[in-house]
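# An overview of the molecular structure
What follows is the residue order along each chain.
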Amino acid sequence: MFKKILIANRGEITCRVIRTARRMGIKTVAVYSDADSRALHVEQADEAYPIGPAPARESYLDIKAVLAAARRGGVDAIHPGYGFLSENAAFAAACTKAGRGFIGPSAAAIRAMGDKATAKALAEKAGVPVVPGYRGERQHATVFATEAARIGYPLLVKAAAGGGGRGSRMVERPNELGVALESARREATAAFGDGRLILEKYLRAPRHIEVQVFGDRFGNLVHLYARDCSSQRRYQKVIEEAPPTAVAPALLRRLYAAALSIARAIKYQNAGTVEFIVERGRFYFIEMNTRLQVEHAVTEMITGIDLVEWQLRVAAGEKLPLRQPQIRARGHAIETRLYAEDPARGFLPSTGRLARLRFPAANAHLRVETGLRQGDIVTEFYDPMIAKLVVSAPDRRIARARLDTALSESRILGVVTNRDFLQRLIAQPAFRRGTVDTAFIGRHLESLALAVSAPDAALAAAVLSRIVSAGPKPGRDGFSPWRLRDGWRQGDDHALDFVFGDHGTRRRVRLRFESNSLQLDFGKRRIPVLAWTLGDRDLGIELGGRHIDASVAWDERGAQVALADGTWRLDAAETNARRGDAVAAAGRIVAPMPGKIAAVHVAKGATVTCGQILLVLEAMKMEHAIAAPGEGVVAEIRCAAGDPVAEGTELLVLVGGKEQA
Ligand code: ADP
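Residues numbered from 1 in each chain as written. Predicted model: local features only at pLDDT ≥ 70, side-chain atom pairs only at ≥ 80, totals over all residues. Heavy atoms only, no water.

Further remarks concern the sheet that holds strand β11 (residues 221–233). With antiparallel pairing, 8 strands are arranged side by side in an open sheet as β14-β13-β10-β11-β12-β15-β22-β20. Two strands bound the open sheet, and with one partner strand each, they are β14 (282–289) and β20 (366–370). Between one strand axis and the next, the sheet turns by 25° as a mean value, whatever way the strands run. Sheet strands in contact with helix α9 (residues 249–265) are β10 (207–215), β11, β13 (270–279) and β14, and its direction is about 110° off that of β11. (Pairing = 2+ DSSP bridges. Helix = DSSP H or I, 4+ residues; strand = E, 2+ residues; numbered from the N terminus. Axes fitted to C-alpha atoms, helices over the stretch in contact; angles between N-to-C directions. Contact = heavy atoms within 4.5 Å.)

The sheet built from 5 strands is open, its strands ordered β3-β2-β1-β4-β5 with parallel pairing. Looking along the sheet, the strands with just one partner apiece sit at the ends: β3 (47–52) and β5 (101–102). Direction of pairing for strand β2 (residues 27–33) relative to β3: parallel, over a ladder of 5 bridges. By the bridge assignment for β3, Tyr32 is matched with Pro50. Lying on the sheet, helix α3 (residues 63–73) is in contact with β1 (4–7), β2, β3 and β4 (77–79); it crosses β3 at an angle near 155°.

It is worth spelling out the pattern of salt bridges at this point. Should the charged atoms of two oppositely charged side chains come close, the side chains can pair. This model, assessed by the stated rule, comprises 51 salt bridges. The salt bridge involving Glu87 is made with Arg291; its shortest N-O contact spans 3.0 Å. Of this pair, Glu87 sits in the loop between β4 and α4 (89–97) while Arg291 sits in the loop between β14 and α10 (296–303), and the two are 204 residues apart along the sequence. Arg638 is the partner of Glu636 in a salt bridge, and the nearest nitrogen-oxygen pair spans 2.8 Å. On the basis of relative accessible area, Glu636 is assigned to the partly exposed category, the value being 30%. If you follow the salt bridges from partner to partner, you end up with Arg16, Arg19, Arg23, Glu300, Asp306, Glu309, Arg313, Glu318, Arg367 and Glu369 in one network. (Salt bridge = Lys/Arg side-chain N within 4 Å of Asp/Glu carboxyl O. Buried < 20%, exposed > 50% of the residue type's maximum accessible area, 1.4 Å probe, protein only.)

All told, the structure shown has 13 aromatic pairs when counted by the stated rule. It is Arg233 that lies over the ring of Phe347; its NZ or CZ is 5.5 Å from the centre. (Phe/Tyr/Trp six-rings, centres within 6.5 Å; stacked < 30°, edge-to-face > 60°. Lys NZ or Arg CZ within 6 Å of the ring centre and 35° of its normal.)

The next point concerns the site of the ligand. The environment of the ligand is made up of 21 residues, and the closest members are Lys116, Lys158, Gly165, His208 and Gln232. A distance of 2.8 Å separates a nitrogen atom of the ligand from a polar atom in the backbone of Lys201. Contact between the ligand and Gln232: an oxygen atom at 2.5 Å from a side-chain N or O atom of the residue. Notes on the ligand: free accessible area 550 Å², of which the protein chains cover 96%. Looking at the shell around the ligand, the elements that each hand over two or more residues are β7 (155–159), β9 (197–201), β13 and β14. Residues belonging to the shell around the ligand are distributed by class as follows: 7 nonpolar, 7 polar and 7 charged. Among the domains, domain 2 (132–201) and domain 3 (207–448) are the pair contributing at least three residues each to the shell around the ligand. (Near = heavy atom within 4 Å. Polar contact = N/O pair within 3.5 Å; in protein donor to acceptor, adjacent residues only side chain to side chain. Areas by Shrake-Rupley, 256 points an atom, 1.4 Å probe, with all protein chains shown as cover. Nonpolar A, V, L, I, M, F, W, Y, C, P; charged D, E, K, R; others polar. Domains from an automatic or database assignment.)

Written out as structure tokens, the structure reads:
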């Protein structure tokens, strides 16, 4: 067995590989870019070496730099993780040439499957059906138009070198083909340095079913059952489960056989996944991933096999630990990917510092896989996945319920996440029935990504987080002003007013301090409250006799509140206005993410109203309007159109406006 390995990756997958290596008594070496010098994967490895600047091309994708680190660490082998260099045949070959084992398949197998066109030709030769389409060398628009007419619409344009849904475009009608080809080629060239495209008949509502395979150098080849990854947004998986429940056992057996015949055709070694789409009892090969998948954990949960351990054993020259009849699957497992992204804005990645990162404690049927800790930054340089939650249970119904609980106990503040979206998705009747197809999310996007206004509990949490300090739950008999942290002074009227901006509406809350109790006024409703801190940014609240576990983080815009069933942004329009204290709008307006100033809409000295657009920031190829958080006067403008700005750069200074009546 290897004594020391390098993991040529970052984040959760590096941490996950380290865990198994440790258990097996193997030392680990991590690599990191300038953006990751304090990352969790660096902390967890026995040794770590810097490999270059933040952009992946200059670090995690730099074969020379990775191999230099391997040399310095004196490792026996290299695990590529997923993404980055994991499916790069030149890298696999370079590792071998440098005398280090590659913990994955042969360079030839990677090459054979690295191109969707050749992979499909290979599958056909192995007798496995593929989706009808065009995968020729000729890439002229007129050729595509002729081929498209032959295949028939709707169709899917894909990057031949594709992955992660990049370069994929659905085309409904002939007149949309030209634009789709152009943008797919642009995206494919940017992402893979290879603009070649293929065409495929588009199936409207297939399921994505994939088979985990494993081979060793002695020609042993097994499957470890299948996963259903039909919950996808933009052709990318967000929930994966095993076993697939909506596919007949007989069809699943045909998929296992098809997967094995493809793997056998390329003498496959190590872990691999053969992907299919399945519709109306028919199946089609779409691609093979020659690496460990993000979703491998669900297979581990139902088989009890550590796939990374198998990878290490097989790469070190051992035989597969089990033969096919010895591999059993039990129960059901579901994985969900928590991303820093905004479902309401087309799943645009969100960046920022994780002001709060809280997950339920892992146990025998819950795995929490993450490479981040509270306080870490989600940058624009890498995949915005924050964590994977993986649950297992005796059956799917219980697994779904456990996932639901795990999601409601997860609190992520500081970036926008897809947590609420996932909660809604798994609550859908179709998800409960297990009938979600790959286009389901797209068809129901509006309701799944719906922005709902903040409930009383969220407003209460924002308000109460301003006044409670650490300490035990206050007794029912009294509220002590000594617990107050800020915002409150002994006065005559014993009340504080808060006004929050919530999806364009103003929400008013009055916090009343009575002789021995606290009350919140929501308009005409008055509700008694108790509040106590639960530690780091978490708050216990009793609102109208109901207990609420809330997490709150404040930033220059206002509060972000996460409860069990949702996350809300509450802009601090004005607080304390009634007392005539400083209006919250006064302050620094900073860039919410790195980008370029596209426009400045106000001049120095201007009086602005709450919600008025001050500036427009262009970031991640989209424009973002920056609005005034409250009334105020523009005291200073610290940027101009065209300026590149870093996240947190002060753009404008607003001074307090009028009192709110
Ligand atoms: P990538 O390599 O970019 O991930 P894949 O070929 O693996 O692309 O396909 C990704 C997803 O796109 C599939 O899981 C499926 O949901 C969808 N898809 C792929 N091919 C088709 C098709 N012919 N018709 C409908 N959906 C498809």
